[in-house]
Amino acid sequence: MAWNLGLRRKSKMPSGLWLKCDGCGEMIFKKDVEDRLNTCPRCGHHFRISARERVRVTLDRDSFEELWADLEPVDVLGFNAARAYSEKLVQAQEATGLKDAAVCGLGAIDGREVVFLVTDSAFIQGSMGVVVGEKIALCAEKAADLRVPFVAVSGSGGGARMEEGVLSLMQMAKTTAALERLSQAGVLYAVVLTNATMGGALASWAFLGDVTIAEPRALIGFTGPRVIRQTVKTELPKGFQTSEFLLEKGFIDAIVPRSEIRPFISKIIRYCGAWPSRRVRETVGASRKGKAR
Amino acid sequence: MAQTDVLQFEKPILEIDAKVKKLEEFALEKGLDVSMEVGHLRRRQEILIRTIFAGLTAWDKVALARHPMRPQTSDYVEMIAEDFVELHGDKAFGDDQAILAGFGTISGEKTMIVGHRKGRSTAERLQCNFGMANPEGYRKAHGKMKLAEKFGVPVLTMINTPGANPGVGAEERGQAKAIAESIRIMTSLRVPVICCVIGEGGSGGALGIGVGDRLLMMEHSYYSVISPEGCAAILWKDGAMADKAAEALKLTAQDLMTLKVADEVIPEPLGGAHRNPRGAAESLKEAYLRNLRELRPVPADRLIARRYENLRRFGKP
Ligand SMILES: [Zn+2]
């Protein structure tokens with residue numbers, strides 16, 4: 001009976017209330033997924049979430065104050081492929097409500113101040129162009145200035161954004177240089193790798209965390225699986241380039257399900273958080289209250 | 001693109017080479033003086049080369065950068081460095097043949113030279129994996145750079161790779177991590193670091209030995225975020241549109257000057273480095289020594305601070 005009801009419901013429910021899980025292939029009730037931070041109640045599959053949603057699930061409620069929100073991408077090369085880059089940018093902006101793939105600012109995790117950045121996989125696959133690179137560098141500098149941990153969440157499956165040419169490649173060097181300075185300042189940098197993180201993003205900022213964790217079953221690698229398959233002309237091993245694969249090979253510290261990420265990072269900050277001096281804390285507090293930024 | 005020793009647009013140039021050769025053989029046989037005729041042919045050839053090269057597309061430039069006869073890292077080492085001591089493995093996994101590293105003396109200047117090695121014969125090319133390095137290659141590269149730093153020896157890198165190796169083993173051994181580490185180490189090396197793209201600057205695999213105080217580019221080299229073929233396959237859904245992608249990516253040495261990413265273009269002999277490798281090597285040596293003279297007196301802290309400022313300005317929105 002319940003089974004029948006289920007079937008009838010599936011076919012009758014207006015689309016939008018149900019969705020097909022990419023993990024187990026089952027039709028699942030959207031509300032159930034949303035109640036579990038956008039993970040599948042049956043198989044634990046982690047659905048991609050927007051930058052705004054990531055802020056909500058990672059930081060303390062209402063603690064986020066966005067910085068550098070007005071940085072806009074520029075079509076420096078005037079790149080026109082089958083589709084013009086400027087057109088692609090506008091479409092991504094309209095679809096996501098973001099100006100570019102990264103959202104960043106100040107926030108708190110269990111009451112402890114952090115600089116936070118997330119790249120949204122829905123914006124040209126979260127790829128890194130000049131704006132993403134600039135925001136990462138600014139965050140690293142801000143974190144070093146304030147002596148506050150920097151937490152970055154990567155959904156950069158697109159690697160370096162090819163429409164910005166060699167300038168996007170140079171963001172790898174720029175972000176790495178800024179993070180190296182942060183490291184030398186003795187301030188924690190923690191990275192959460194989510195589905196997907198590839199190429200130039202992984203070969204720079206996304207893989208340079210003092211602590212690096214990943215959500216379960218995320219695709220994480222340097223070269224895309226399609227290109228590798230074409231090159232080696234054989235099927236790839238099962239589970240290749242997943243979080244579990246990286247854990248086994250020793251490249252990440254832990255796999256952490258979405259619901260556990262906030263407490264996990266909170267613990268790491270307790271061990272590794274560089275505490276701001278009183279003066280800095282007062283400055284941060286004052287400017288945050290006054291919304292001076 | 002098939003591997004041939006002659007590019008399509010070079011054919012008329014080589015026809016004149018052949019004519020000159022024939023003429024000289026004939027003259028030798030008959031005991032004639034043909035210097036006037038040869039001189040005339042060479043002058044015509046010069047004009048021809050200038051004309052052809054003025055009209056090269058970005059895609060032609062990519063072909064030149066990949067020219068099988070083009071001098072490679074090992075050739076330059078032989079031509080500009082004395083007392084070269086090759087240093088092999090990464091001290092962790094293996095010795096990647098796609099990276100060549102060692103101490104050499106360039107006009108009296110002790111230098112750590114690190115470059116991609118492509119190989120020339122089929123056997124060599126396979127051994128070097130066509131210049132596509134694995135993680136152990138990048139670990140070898142930054143290991144040797146750290147060694148140089150310890151003893152105050154400046155670093156010269158020669159970039160010439162289609163890209164980092166796309167393979168199962170490369171992923172298993174942490175390709176992205178190895179490249180990220182190389183970049184990280186190069187941002188903070190306390191010795192002058194001069195990077196030169198001698199042929200292909202293929203994306204992250206190039207940048208893995210490409211961060212320093214100066215970025216020099218040989219006149220007919222390219223540097224790109226992705227190969228034109230890869231870009232075409234993704235953005236045009238057609239790998240055959242590589243010429244269009246090459247144009248759009250703005251990847252030539254001259255484009256990189258316009259974009260203020262490269263600091264200097266090193267002029268190549270007429271017709272490209274492969275027509276006169278010694279001439280190309282002389283230009284590279286001169287540029288290296290001149291840049292080193294400028295960087296040498298800068299205190300290490302200032303050097304690193306400047307390197308940072310330089311990287312920081314890339315694409316400032
Ligand atoms: Zn599921």
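Numbering of residues begins from 1 in every chain and follows the order in which that chain's sequence is written. Each chain gets a letter, beginning with A, and each ligand a number, beginning with 1, in the order they are written. Reporting of local features is limited, given that this is a predicted model, to residues whose pLDDT is at least 70; pairs of side-chain atoms are given and counted only at 80 or more, and all residues count toward the totals for whole chains, interfaces and linings. Side-chain metrics rest on all non-hydrogen atoms present in the structure, leaving aside hydrogens and water.

K.L.:
Run through the overall build of chain B, naming residues and quoting values.
P.N.:
Segments assigned H or I by DSSP are reported as helices when at least four residues long, segments assigned E as strands when at least two residues long, and all are numbered from the N terminus. Helix and strand counts for chain B come out as 14 helices and eight strands. Viewed in the frame of its principal axes, chain B has a C-alpha envelope of about 65 × 50 × 40 Å. The 317 residues of chain B split such that 58% are buried. Nonlocal contacts in chain B, meaning residues at least 24 apart in sequence, comprise 71% of its contacts between residues at least 6 apart. Computed with a 1.4 Å probe, the accessible areas rest on the Shrake-Rupley method; for each residue, only the protein chains presented here act as cover. Summed over its atoms, the accessible surface of chain B is roughly 13300 Å², and 54% of this surface lies on carbon and sulfur atoms. Charged residues are defined here as Lys and Arg on the positive side and Asp and Glu on the negative side; His and the ends of the chain fall outside this count. Lys charges are placed at NZ, Arg charges at CZ, Asp charges at CG and Glu charges at CD. Positive and negative side-chain charges in chain B, numbering 44 and 42 respectively, have mean positions lying 4 Å apart. Note on exposure labels: buried denotes an accessible area under 20% of the residue type's maximum, exposed denotes more than 50%, and partly exposed covers the range between, all computed with a 1.4 Å probe on protein chains only. Pairs of residues are marked as contacts when any of their non-hydrogen atoms sit within 4.5 Å.

K.L.:
For the layout of surface pockets, give the residues involved together with the corresponding values.
P.N.:
Residue and element names in this part refer to chain A. Both cavities and pockets are sets of points on a 1 Å grid over the protein atoms alone; in a cavity a 1.4 Å probe fits but cannot get out, in a pocket the set is open with protein on both sides within 12 Å along at least five of seven lines, and lining residues sit with an atom within 4 Å of a point. Grid points are joined across faces, edges and corners, and a volume is the space filled by probe spheres set on the points. Considered as a void within the structure, the second largest pocket measures approximately 200 Å³ in volume. Every residue along the wall of the second largest pocket is listed here: Arg-52, Val-55, Arg-56, Leu-59, Asp-60, Arg-61, Asp-62, Ser-63, Phe-64 and Arg-262. No other element matches the three residues that helix α3 (residues 51-58) contributes to the lining of the second largest pocket. Three categories are distinguished: nonpolar for Ala, Val, Leu, Ile, Met, Phe, Trp, Tyr, Cys and Pro, charged for Asp, Glu, Lys and Arg, and polar for the others, with Gly belonging to the last. Here the residues of the lining of the second largest pocket are counted per class, giving three nonpolar, one polar and six charged.

K.L.:
Would you mind going over empty space enclosed by the protein in detail, with residue names and values included?
P.N.:
Residues and elements named next belong to chain A. According to the stated counting rule, one finds four cavities of 30 Å³ or more in the structure shown. Its volume calculated, the largest cavity comes out at about 160 Å³. For the largest cavity, the lining is made up of 20 residues, of which Arg-48, Arg-54, Thr-194, Asn-195 and Glu-215 are closest to its centre. Listed by contribution, the elements that provide at least two residues to the lining of the largest cavity are β5 (112-119) and β6 (150-154). For the lining of the largest cavity, the per-class residue count stands at six nonpolar, eight polar and six charged. Residue ranges assigned to each domain were obtained from an automatic or database domain assignment. Here the lining of the largest cavity gathers at least three residues from each of two domains, domain 1 (1-47) and domain 2 (49-271).

K.L.:
Would you mind going over the coordination of the zinc ion in detail, with residue names and values included?
P.N.:
Geometry sets the ideal angles at a metal, namely 109.5 degrees for four tetrahedral donors and 90 or 180 degrees for six octahedral donors. All names here are of chain A. Sites may look incomplete because water is not among the atoms; the donors themselves are N, O and S atoms within 2.8 Å of the metal, or within 3.2 Å for Na, K and Ca. Protein coordination at the zinc ion: the donors are Cys-21 (SG), Cys-24 (SG), Cys-40 (SG) and Cys-43 (SG), at 2.3 to 2.4 Å from the metal. Geometry is assigned from the angles between donors: four donors with all angles from 85 to 135 degrees make a tetrahedral site, four or six donors whose opposite pairs exceed 155 degrees while the rest stay between 65 and 115 make square planar or octahedral sites respectively, and everything else is labelled irregular. In this structure, the zinc ion is surrounded by four donor atoms whose angles at the metal cover 107 to 113°, and the resulting shape is tetrahedral. Read N to C, the donor residues that coordinate the zinc ion are spaced as C-x2-C-x15-C-x2-C. Here Cys-40 lies in the loop between α2 (30-35) and α3 and Cys-21 lies in the loop between β1 (18-20) and β2 (27-29), a separation of 19 residues in the sequence. For the pair formed by Cys-21 and Cys-40, the shared burial category is buried.

K.L.:
Tell me about the pattern of salt bridges, residues and numbers included.
P.N.:
Pairs can form between side chains of opposite charge once their charged atoms are near each other. Residue and element names in this part refer to chain A. Salt bridge, as used here, is a side-chain nitrogen of Lys or Arg placed within 4 Å of a carboxyl oxygen of Asp or Glu. One pass over the structure, following the stated rule, counts 38 salt bridges over all chains. Across the pair Asp-60 and Arg-262 runs a salt bridge, and its minimum N-O distance is 3.2 Å. You can see Asp-60 sitting in the loop between α3 and β3 (65-66) and its partner Arg-262 sitting in helix α10 (residues 258-272), a full 202 residues away along the chain. A residue is classified by how much of its surface remains accessible, and Asp-60, at 18% relative accessible area, is buried.

K.L.:
I'd like to hear about the interface of chain A and chain B, residue by residue, with values.
P.N.:
With 53 residues of chain A at the contact, the number on the chain B side is 46 residues. Buried area counts how much accessible surface, traced with a 1.4 Å probe, disappears from two parts once they are put together, with both parts' losses summed. Of the roughly 4200 Å² buried between chain A and chain B on both sides combined, carbon and sulfur atoms contribute 74%. Our count for the chain A to chain B interface comes out at three salt bridges. Among the ionic pairs, Glu-180 of chain A bridges to Arg-184 of chain B, the shortest N-O distance being 3.0 Å. Pairing of N or O atoms within 3.5 Å defines a polar contact, subject to two protein rules: one partner must be a possible hydrogen donor and the other a possible acceptor, and residues neighboring in sequence count only if both atoms are side-chain atoms. Counting every contact that joins chain A to chain B gives eleven residue pairs in polar contact (both at pLDDT 80 or more). When contributions to the side of chain A that touches chain B are tallied by element, the ones reaching two or more residues are α5 (130-146), α6 (165-184), α8 (225-232) and α9 (243-249) of chain A.

K.L.:
Lay out the side chain of Lys-135 of chain A in plain terms, naming residues and giving numbers.
P.N.:
Its location among the elements puts Lys-135 of chain A in helix α5. For Lys-135 of chain A, the contacting residues outside a window of four places in its chain are Glu-66, Trp-68, Ala-69, Leu-71, Ala-102, Val-103, Cys-104 and Leu-117 of chain A.

K.L.:
Tell me about the confidence of the model for chain B, and name the residues and values.
P.N.:
In predicted models, pLDDT denotes the confidence assigned by the predictor to each residue on a 0 to 100 scale. For chain B, per-residue confidence averages 96 on the pLDDT scale, and residues scoring 70 or more make up 98% of the total. Confidence estimates for the predicted assembly give a pTM of 0.93 and an ipTM of 0.96.

K.L.:
Pulling in residues and values, what's your account of the domain arrangement of chain A?
P.N.:
All names here are of chain A. Entries for chain A in the domain assignment read domain 1 (1-47) and domain 2 (49-271). Summarising the inter-unit geometry, the C-alpha centres of domain 1 and domain 2 are found 29 Å apart. With eight residues of domain 1 at the interface, the matching set in domain 2 holds nine residues. Taking both sides of the interface into account, the surface hidden between domain 1 and domain 2 amounts to around 700 Å²; carbon and sulfur atoms contribute 52%. Linking domain 1 with domain 2 are zero salt bridges. Our count for the contact surface shared by domain 1 and domain 2 stands at five residue pairs in polar contact (both at pLDDT 80 or more). Of the residues that constitute the side of domain 1 that touches domain 2, the class distribution is three nonpolar, five polar and no charged.

K.L.:
Report on the pairing of strand β7 (residues 189-193) of chain A, specifying residues and quantitative values.
P.N.:
Residues and elements named next belong to chain A. Of all the five residues making up β7, five are buried; the element is thus mostly covered by neighbouring parts of the structure. Bridge count for β6 against β7 is five bridges, and the pairing is parallel. Each residue of the ladder has a partner; that of Phe-150, found in β7, is Tyr-189. A crossover counts as right-handed when, viewed with the strands pointing away from the observer, the path leading from the first strand over the helix to the second turns clockwise. Once you follow β6 into α6 and on to β7, the crossover reads as right-handed. Only strands that DSSP links by at least two bridges are regarded as paired with each other. Pairing between β7 and strand β9 (residues 211-214): four bridges, direction parallel. Bridging across to β9, Val-192 finds its partner in Ile-213.

K.L.:
Give a detailed account of the environment of Met-218 of chain B, specifying residues and quantitative values.
P.N.:
Within the secondary structure, Met-218 of chain B sits in strand β6 (residues 214-218). The residues contacting Met-218 of chain B, other than those within four sequence positions of it, are Arg-70, Tyr-76, Cys-196, Val-197, Ile-198, Ala-253, Val-265, Ile-266, Glu-268, Ala-280 and Leu-284 of chain B.

K.L.:
Give a description of the environment of Leu-235 of chain B that names residues and reports values.
P.N.:
Along the chain, the position of Leu-235 of chain B falls in helix α10 (residues 228-236). By relative accessible area, which is 11% here, Leu-235 of chain B ends up buried. For Leu-235 of chain B and Leu-48 of chain B, which are 187 residues apart along the polypeptide, the C-alpha to C-alpha distance reads 36 Å. Sequence-distant contacts of Leu-235 of chain B, defined by excluding residues within four places in its chain, comprise Phe-79, Ala-81, Ala-82, Lys-88, Met-162 and Glu-163 of chain A.

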